[in-house]
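Architecture at a glance
The primary structure of each chain is shown beneath.
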Amino acid sequence: MLKVTIGQYYPADSSIHRLDARMKLLCTMIFIVVIFFIGNFLGYALAALYLAVVIKVSKVPPKFLLRGLRAILFIIVFTAILNVFFTPGETLVFELGFVRVTQEGLLAAGRMGLRLVMLIIGSSILTLTTTPIQLTDAIEFSLKPLKKIGVPAHEIAMMMTIALRFIPTLMEEMDKIMKAQMARGADFDTGGIVKKARSLVPLLVPLFISAFRRAEELALAMESRCYRGDIGRTRMKQMKMAMRDLGAFVSLAVFTAGLFALNHVAAVFGIW
C-alpha cells in the first residue's frame, strides 16, 4: 500500500519540475485524450517511447513509477480479463464450454492494459513533478472561466488537490492499522473472497475515523490562519510561461501528429 505514487511529490531539479503547472496540466490532459485514439500496438510503442523520454528528463526513478502500479495491478488484470471474455470476435483462439476466447478479445485486452498503465504513469508524472500549491493554482486557473456563472473554482481546485494528496496518507494509515490488527491476531490472507472482504471491516472503521479526524484538524489549521478562499488572496510566486513551456507543448504536438500518422499507416497496411 505504501507503493502508491499518485498524489506524491518527488523533489528534483529537472526541466519537467521547472515547467509551468498550467502547461503540465494541459499536456497531461491532452496525452490522456490522445492515447484513447491509439488503434494499434505501434502507436502504443510510440507512446511508451515518449513516456520514457519524459521520465528520463523528469529525473524520477523509473522503479519508483513502476512499483506504483502494484497497487492497481488487480484492476488492470481484471479489466484485461473482462475484455478477453466479453469482446466479440470471429477469429477463435480457444473455446471450452461457454468460455470463448477470440483474437479480437486478446488484442482488446492488451490495448486496454497498456492504456491503463500509460494513464496511471502519465498522471503520476504530473503529481510527482508538481507541488500541491502549484497544482491547486493550475486547476483554479483552468476553472477560472466558470467563475462567471457562479462556480467556486478555487474551492473545487483546493478540494481536488487535497483529495489527491491525501491518497498516500490514507494508504499509509491503512497499512499501520492493518499491522496493528495483525499484531492482535487478525488474519487477512486466508479464506475465500467473502472472508477476506469481511476481514476488511475492522480496517475501514478506524480508517474512516482517522480520515475525519485529519479533515477536522486540517480545517481548524486553515481557519486559524484566516483562510478565506480566494477572496483578497495574493500569491507569493506568480505563474509565468517561458520558452521551455512552449517547447514542451511543441514536443507533445509532434508526438500527437506522429501518432495519428502512424494510425493512418497502420490502417492502410492492416497492422494491429
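Scroll up for the structure.
My aim in this report is to walk through the structure given alongside it, one point at a time.

**Details of the side chain of Asn-40**
On the secondary structure map, Asn-40 appears in the loop between helix H2 (21–35) and helix H3 (41–58). Classification of Asn-40 by relative accessible area gives buried; the value is 2%. At a separation of 3.1 Å, a polar atom in the side chain of Asn-40 contacts the main-chain amide nitrogen of Leu-42. Within the structure, the side chain of Asn-40 is placed 3.0 Å from the side chain of Asn-263, a separation counted as a polar contact.

**Here's the deal with the environment of Ala-211**
If you trace the backbone, Ala-211 turns up in helix H10 (residues 201–224). Considering only alpha carbons, one finds Ala-211 and Arg-67, 144 residues apart in sequence, at a separation of 25 Å.

**Description of the packing of aromatic side chains**
Applying the stated rule across the entire model yields eight aromatic pairs. Between Tyr-50 and Phe-255 the ring centres are 4.5 Å apart and the planes differ by 15°, which places this aromatic pair in the stacked class. In this pair, Tyr-50 sits in helix H3 while Phe-255 sits in helix H11 (residues 243–269), placing the two residues 205 residues apart along the sequence. The same class applies to Tyr-50 as to Phe-255, namely buried.

**Quick word on the packing of H3 against H11**
Contact pair H3 / H11: the axes reach a minimum separation of 9 Å and the direction vectors enclose 165°. With respect to H11, the element H3 is oriented roughly antiparallel. Crossing geometry of H3 relative to H11 is assigned as right-handed. When H3 is examined against H11, the residues Leu-42, Gly-43, Leu-46, Ala-47 and Tyr-50 are found in contact with a partner set consisting of Ala-248, Ser-251, Leu-252, Phe-255, Gly-258, Leu-259 and Leu-262. Split by residue class, the contact of H3 with H11 holds nine nonpolar, three polar and no charged.

**Points about the pattern of salt bridges**
Under the definition given, this model contains six salt bridges. The salt bridge involving Asp-20 is made with Arg-22; its shortest N-O contact spans 2.9 Å. For Asp-20, a relative accessible area of 6% gives the class buried.

**Thoughts on helix H8 (residues 153–183)**
The end-to-end C-alpha distance of H8, which contains 31 residues, comes to 45 Å, matching closely the 45 Å that a straight helix rising 1.5 Å per residue would cover. Residue Ile-167 marks the point of greatest curvature in H8, where the axis turns by about 35°; the proline Pro-168 follows within four residues. Those residues of H8 not exposed but buried are Ala-153, His-154, Ala-157, Met-158, Thr-161, Arg-165, Pro-168, Glu-173, Met-174, Asp-175, Ile-177 and Met-178. Gly-185 occupies a position one or two residues after H8 and carries a positive phi of about 100°.

Cut-offs applied
Residues numbered from 1 in each chain as written. Predicted model: local features only at pLDDT ≥ 70, side-chain atom pairs only at ≥ 80, totals over all residues. Heavy atoms only, no water. Helix = DSSP H or I, 4+ residues; strand = E, 2+ residues; numbered from the N terminus. Buried < 20%, exposed > 50% of the residue type's maximum accessible area, 1.4 Å probe, protein only. Polar contact = N/O pair within 3.5 Å; in protein donor to acceptor, adjacent residues only side chain to side chain. Phe/Tyr/Trp six-rings, centres within 6.5 Å; stacked < 30°, edge-to-face > 60°. Axes fitted to C-alpha atoms, helices over the stretch in contact; angles between N-to-C directions. Parallel < 35°, antiparallel > 145°, perpendicular 65-115°, else oblique. Left-handed = near helix turned anticlockwise from the far one by under 90°. Contact = heavy atoms within 4.5 Å. Nonpolar A, V, L, I, M, F, W, Y, C, P; charged D, E, K, R; others polar. Salt bridge = Lys/Arg side-chain N within 4 Å of Asp/Glu carboxyl O. Expected span 1.5 Å × (residues − 1). Bend = angle between axes of the 7 residues up to and from the residue.

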